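Coordinate analysis (summary)
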Amino acid sequence: FKRGEISNFQYLMHLNTLAGRSYNDLMQYPVFPWILADYDSEELDLTNPKTFRNLAKPMGAQTEDRLAQYKKRFKDWEDPNGETPAYHYGTHYSSAMIVASYLVRMEPFTQIFLRLQGGHFDLADRMFHSVREAWYSASKHNMADVKELIPEFFYLPEFLLNSNNFDLGCKQNGTKLGDVILPPWAKGDPREFIRVHREALECDFVSAHLHEWIDLIFGYKQQGPAAVEAVNVFHHLFYEGQVDIYNINDPLKETATIGFINNFGQIPKQV
């Protein structure tokens, strides 16, 4: 993809497939990176490095302040039972819940979301409602949120619209939830958002740095000393092969573990 012979989008889809991720399994749905850090400008400048997120760092390390807190958590970690090794992140960047929350305005994801939530929409303030707010939550403000994106952000304008007029509730400040609020550079048009976002994914800056993100998610910085150094260590249950759910003899424990992975996600196979 460095030579430009396939698109970055195709390359990422191919990697996701190799790592066992597919559209058929919300627990292992294809994972795509946040690309941009600019959700405020009227026009995007794709020649300016400041327009982009730092692809060499996981979402938890995008600001110095949050990075320091995750490092401290890892350093000070103590588990009296010795069952859980130290980790930076107790939540994941891709899970059934994250996928369903992004796609909640479209069926069948609306029903899936309601099922995962126990039959009702989440508190309006926690629902996916604004691309800008989602970025700030995942990159800066919320210690329990390090989520990445899904492929739909690069080709599917429909998921940004509440075409079915679902009653998604009202935020505490009185805002009624409807269509997803787009950054100024999308000019209020979901198709324009997708066009510009896809252009950003395919631009020279991203082509030059995408391999750094791939190392974190699919490659050698996924686990071991390289992951510690990259501040990229997740709760051990997120890693493939840590739990053999078919050999848990206690049905309660089995249900709890599957529920955990369902809600919290699974790290891709290393490629």
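Residues numbered from 1 in each chain as written. Predicted model: local features only at pLDDT ≥ 70, side-chain atom pairs only at ≥ 80, totals over all residues. Heavy atoms only, no water.

In the nomenclature of an unreviewed UniProt entry, the chain corresponds to WDFY3 protein from the organism Bucco capensis.

1. Structural notes on the confidence of the model for the chain
When pLDDT is averaged along the chain, the result is 92, and 95% of the positions lie at 70 or above. Taking the mean pLDDT of every element in the chain, the minimum, 72, falls on helix α9 (residues 251–264) and the maximum, 98, on helix α6 (residues 190–201). (pLDDT = per-residue confidence, 0-100. Helix = DSSP H or I, 4+ residues; strand = E, 2+ residues; numbered from the N terminus.)

2. Overview of the packing of helix α1 (residues 8–18) against helix α7 (residues 204–217)
Running from amino to carboxyl end, α1 crosses α7 at an angle of 15°, the nearest separation of the two axes being 11 Å. One finds that α1 runs roughly parallel with respect to α7. Between α1 and α7 lies a crossing of right-handed hand. Contacts between α1 and α7 involve Asn-8, Tyr-11, Leu-12 and Leu-15 from the former and Val-206, Ser-207, Leu-210, Trp-213 and Ile-214 from the latter. (Axes fitted to C-alpha atoms, helices over the stretch in contact; angles between N-to-C directions. Parallel < 35°, antiparallel > 145°, perpendicular 65-115°, else oblique. Left-handed = near helix turned anticlockwise from the far one by under 90°. Contact = heavy atoms within 4.5 Å.)

3. Thoughts on the side chain of Thr-84
Examined against the element boundaries, Thr-84 turns out to sit in the loop between α2 (64–75) and α3 (96–102). Setting aside its immediate chain neighbours within four residues, Thr-84 contacts Trp-77, Asp-79, His-235 and His-236.

4. Observations regarding the nonpolar core
Formed by 80 residues in total, the largest nonpolar core has its most connected members in Trp-34, Leu-36, Tyr-102, Phe-128, Phe-153 and Phe-193. Elements with a contribution of two residues or more to this core: α1, α2, α3, α4 (109–116), α5 (131–141), α6 and α7. Ignoring any residue separated from it by four or fewer positions in sequence, one finds Phe-153 in contact with Tyr-102, Phe-128, Phe-159, Phe-193, Ile-194 and His-197. (Core = buried A, V, L, I, M, F, W, Y, C linked by side-chain atoms within 4.5 Å. Buried < 20%, exposed > 50% of the residue type's maximum accessible area, 1.4 Å probe, protein only.)

5. Describing the side chain of His-197
Its location among the elements puts His-197 in helix α6. Judged by relative accessible area, which is 1%, His-197 ranks as buried. His-197 has contacts with Leu-36, Leu-149, Phe-153, Phe-154 and Trp-185, leaving out every residue within four places of it along the chain.

6. Some details on the environment of His-209
Within the element layout of this structure, His-209 appears in helix α7. A residue is classified by how much of its surface remains accessible, and His-209, at 25% relative accessible area, is partly exposed. Each C-alpha atom, one on His-209 and one on Ala-56, is 7.3 Å from the other, the two residues being 153 residues apart in sequence.

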